[in-house]
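Structure assessment
Chain by chain, the residues:
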Number of protein chains: 2
Amino acid sequence: MKPDNKNKAEIINAIANKRGFFWPTAEIYGGRAGLYSYGHLGKLIKTNFENLWRDQFLKEENCYEIDSSIILPEPVFIASGHLKNFNDPLIECKKCHFRFRADQFLEDNGIDIKNLDIEEMNKAIIKEKLKCPKCNSQELSNAKWFNMMFPIEVGSTEKKDMAYLTPETAQATYLAFKREFEATRKKLPLGIAIIGKAFRNEISPRQLFFRLREFTQAELQIFFDPEEIENVEENKWKEISKYKLILNKDNKKIELTCEEVNKKFKIPKFYIYNLALVQNFYLEKLKIPKDKFQLRELGEKERAFYNKIHFDVEINLESLGGFKEVAGIHYRTDHDLLGHEKQSKQNLQVLWNNKNIIPHVLELSFGVDRNIWMLFDVFYDIGKEGPMFRFPKKLAPFSIAILPLVNKEGMDKVAKEIYKNLKEKFNVFYDDSGSIGRRYARQDEIGTPFCITIDGQTLKDKTVTIRERDSMKQHRVKIEKIEEELNKTQSL
Amino acid sequence: MKPDNKNKAEIINAIANKRGFFWPTAEIYGGRAGLYSYGHLGKLIKTNFENLWRDQFLKEENCYEIDSSIILPEPVFIASGHLKNFNDPLIECKKCHFRFRADQFLEDNGIDIKNLDIEEMNKAIIKEKLKCPKCNSQELSNAKWFNMMFPIEVGSTEKKDMAYLTPETAQATYLAFKREFEATRKKLPLGIAIIGKAFRNEISPRQLFFRLREFTQAELQIFFDPEEIENVEENKWKEISKYKLILNKDNKKIELTCEEVNKKFKIPKFYIYNLALVQNFYLEKLKIPKDKFQLRELGEKERAFYNKIHFDVEINLESLGGFKEVAGIHYRTDHDLLGHEKQSKQNLQVLWNNKNIIPHVLELSFGVDRNIWMLFDVFYDIGKEGPMFRFPKKLAPFSIAILPLVNKEGMDKVAKEIYKNLKEKFNVFYDDSGSIGRRYARQDEIGTPFCITIDGQTLKDKTVTIRERDSMKQHRVKIEKIEEELNKTQSL
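This structure is a prediction, so every number in the text was calculated from the model and none was measured.

Each partner contributes to the interface: chain A provides 72 residues, whereas chain B provides 72 residues. Counting the surface lost from both chain A and chain B, the interface buries some 6400 Å², and carbon and sulfur atoms represent 56% of this. There are eight salt bridges connecting chain A and chain B. The partner of Glu 65 of chain B in a salt bridge is Lys 43 of chain A, with the nearest N and O atoms 3.7 Å apart. Summed over the shared surface of chain A and chain B, the number is 31 residue pairs in polar contact (both at pLDDT 80 or more). Here the side of chain A that touches chain B is built from residues that sort into 32 nonpolar, 18 polar and 22 charged.

Take the packing of aromatic side chains next. The full count for this structure, using the stated rule, is 66 aromatic pairs over all chains. Relative to Tyr 331 of chain A, the ring of Phe 224 of chain A lies with its centre 5.9 Å away and its plane at 40°, an arrangement referred to as tilted. On the criterion of sequence distance, the pair formed by Phe 224 of chain A in strand β11 (residues 214-224) and Tyr 331 of chain A in strand β16 (residues 322-333) is long-range, its members being 107 residues apart. For the pair shown, Phe 224 of chain A and Tyr 331 of chain A are each scored as buried. Members of the aromatic cluster, connected to one another through ring pairs, are Phe 21, Phe 22, Tyr 36, Tyr 38, Phe 209, Trp 373, Phe 376, Phe 379, Tyr 380, Phe 389 and Phe 391 of chain A. A cation sits over an aromatic face here: Lys 249 of chain B above Phe 265 of chain B, 4.3 Å from the ring centre. A cation over an aromatic ring shows up here: Arg 467 of chain B above the ring of Tyr 440 of chain B, its NZ or CZ 4.4 Å from the ring centre.

Attention now moves to the domain arrangement of chain A. Taken domain by domain, chain A consists of domain 1 (5-78 + 153-378), domain 2 (87-147) and domain 3 (385-490). Summarising the inter-unit geometry, the C-alpha centres of domain 2 of chain A and domain 3 of chain A are found 54 Å apart.

A separate point is the packing of helix α7 (residues 170-183) of chain B against helix α11 (residues 335-344) of chain B. Residues and elements named next belong to chain B. As a packed pair, α7 and α11 sit with axes 10 Å apart at the nearest point and diverge in direction by 65°. Looking at the two axes, α7 sits roughly perpendicular to α11. In the crossing of α7 with α11, the sense of the turn from one axis to the other is right-handed. Contacts between α7 and α11 involve Gln 171, Tyr 174, Leu 175 and Phe 177 from the first element and Asp 336, Leu 337 and His 340 from the second. Residues of the contact of α7 with α11, tallied by class, amount to four nonpolar, two polar and one charged.

Conventions and cut-offs
- Residues numbered from 1 in each chain as written.
- Chains lettered and ligands numbered in written order.
- Predicted model: local features only at pLDDT ≥ 70, side-chain atom pairs only at ≥ 80, totals over all residues.
- Heavy atoms only, no water.
- Contact = heavy atoms within 4.5 Å.
- Buried area = accessible area lost by both parts, 1.4 Å probe.
- Salt bridge = Lys/Arg side-chain N within 4 Å of Asp/Glu carboxyl O.
- Polar contact = N/O pair within 3.5 Å; in protein donor to acceptor, adjacent residues only side chain to side chain.
- Nonpolar A, V, L, I, M, F, W, Y, C, P; charged D, E, K, R; others polar.
- Phe/Tyr/Trp six-rings, centres within 6.5 Å; stacked < 30°, edge-to-face > 60°.
- Helix = DSSP H or I, 4+ residues; strand = E, 2+ residues; numbered from the N terminus.
- Buried < 20%, exposed > 50% of the residue type's maximum accessible area, 1.4 Å probe, protein only.
- Lys NZ or Arg CZ within 6 Å of the ring centre and 35° of its normal.
- Domains from an automatic or database assignment.
- Axes fitted to C-alpha atoms, helices over the stretch in contact; angles between N-to-C directions.
- Parallel < 35°, antiparallel > 145°, perpendicular 65-115°, else oblique.
- Left-handed = near helix turned anticlockwise from the far one by under 90°.

Laid out in structure tokens, this is it:
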């Protein structure tokens, strides 16, 4: 029996809390909306996700990862436009002074807010005679823009130095661009990635990991010569030209080859190549079922004004009732570098193809926490023993559990020896308490793909039992063949 | 010729900036004191350091890594005492209103501030007739305490929810303790680590990575039963009892075995075991020369009031003119958990040895950025071609550079093939521009231990040249033997 959607989110949360995946930060103080912590299992799966991401996107030529402070000084956000534009539409009830977001308020009242600007939202609220969700009064203020950055006052001198917690990792990358260009090959395209924290003072955070106040982003900014936007190395293009992209364009789901997308929609090859790379990440690396995946193109009103082309990766999540954004591919043009050049009065041009140019930027942006939640939703299942997660081998917090049948008769000694050896190469968990059935169930619940059992026969013939999570099948192998056997099962 | 000390810091900084190790954040806006960014080489060495740290401290039994939001709500810091006690002594010039730190001010005037409290500092300033460092006025305010946390206002409702950027990763661990105890083996000792950001609004940050406003900490909190503080597994104690600790006690450097330290100074075995583990990390994993290392015991006035025993790891750094703290081993007792129990009104006791107890905490705390700077200082050298870093193999940003002698005649093809294969297992850099001598020098400068050159002979007999950074010796090996050869050189 599958749980209903609301139930599913609750079950995932309950398991996550209990087993050590994640929970609200400062839970003993009642927690705080929009702030989460990862327990030991959550940290493992997050690290696995980030490493798969690096594997996919940083193995490309001339791609590098950097790190930055997350406090950035004010001029950065004057240049980027965040100080002026990074706002949510805030309404205040004139009677009870409760404040809330106009767009969410409309959505909650069943009104489609896609493509509505703030004036249209205000009109809709009046037209529908909507009332304060708290005190039911109809005296509501107009929606006004509220800046979502967290201000920080640095230092203690009289003239405070204003700064902000960065709302996206991208800005730190733009600040580092010229240094990195000089320090690397002095070549374009140049990819610079940051996996780091970002912050948004959401008026009303909700939907678990989908609207956090503090979150982790994995972002790759690819700097390129706009004149080369149709250039993709011939062999690379050949490899993908027949690859079918799963698109949602104008609310229609269609599958088209990269070649067709290039010809039909005039989307540049360089953009398409990266779109394909992202789709491949979701389908092949994360093993998301095709029918839960789509690349949705955003309309002009939905996307940021500086994004010339914008597709979101959306995954169909039962726990959240439909397709939700987990990543975005943004053609940000020269908007950011030009802004920083102007504001800083530094020359940010680089020499490429015998010209001095400000490169354009293609941004691949992933919300890491959202993606983690997505994995829980997509790989959730009801097994024989109850709820479980069928995480792919490379994502599961532990690849292997070592289970001595009883904690004596020398079984524990052999088990610890195997544990020690496998620990060098895999994330391994050792569990010697409770019945073996109970222990299998505990491992299924956290998504461990393999259980190795050490029993009486092990002591006689140096074989162990390997149990596969998904088939629940068990077979015996020699101790020295364990590693070979586990590497064989690449299907997971 | 060795550079003088000031020169050394400048040279390191210049190389770091130019080659992509680190630089001040938002440099194009003039940078900001206390905020740094890591370039692609810096990120690699930082990751290497963190992984060695995990290897040393998280391989111990029942140790786990977690992750937390760095925004923590106010009650956390009421409980921890940070709101009340986490202060710097701030002086204001009554004439020009310049503000500065009393302790630094005294130090700059050649007065030893060790063991001085704020009243004594004020007295010393008056006695010495010190003047404002900016306008030279003698009208100075008394030193007053200034809280060093960065406040954050969360949300937009009228009643703002006060929070702070965490000044140490430890607090998040205490908040997670009970959940983790339940989710893991329900056993003590239990180690919980966080490698994460922490923040301090320093009045006047200086000394490069040694007083940052935003920094990374690697901290392990070990929760244990205080009745078991003399218990260390017999075989573990046997292993270290004759191991000599390099101590600085009462300003005297002495070497004593663990056994002697236990008997002579009554320092508990459990504390000593961890002291030895930390020393081993510095001497064996990071390969710091013994004469640059000491474990200095802090006096009562120097250490936090809740620290019952406190040794700092200090490394002699030429660039900073002497021994500097890079890590600390703090016996924090039950101070933090008791504080949180009281403030949160939650029961934080756990069942252990048939009693309900609040565990005590032993904290191993490492400033990651400080340690990175330390590596640059310690492994700096002047080679044949100029400044270079003799980083140990496991710390160097790149283990291997692949250098085709010329970028044609098929050498590039073979080189790229080798690059592709080695990249699966090592951090490898590919460089095909400039003379081979210049390329060796460039690799020496960033500390790459091995250069592999592909030349004319490679095309004939499938051998390459391996050049070792430190010996500068070259020898030829078959392409298929490269990996074996590199693993052989474990000395580095």
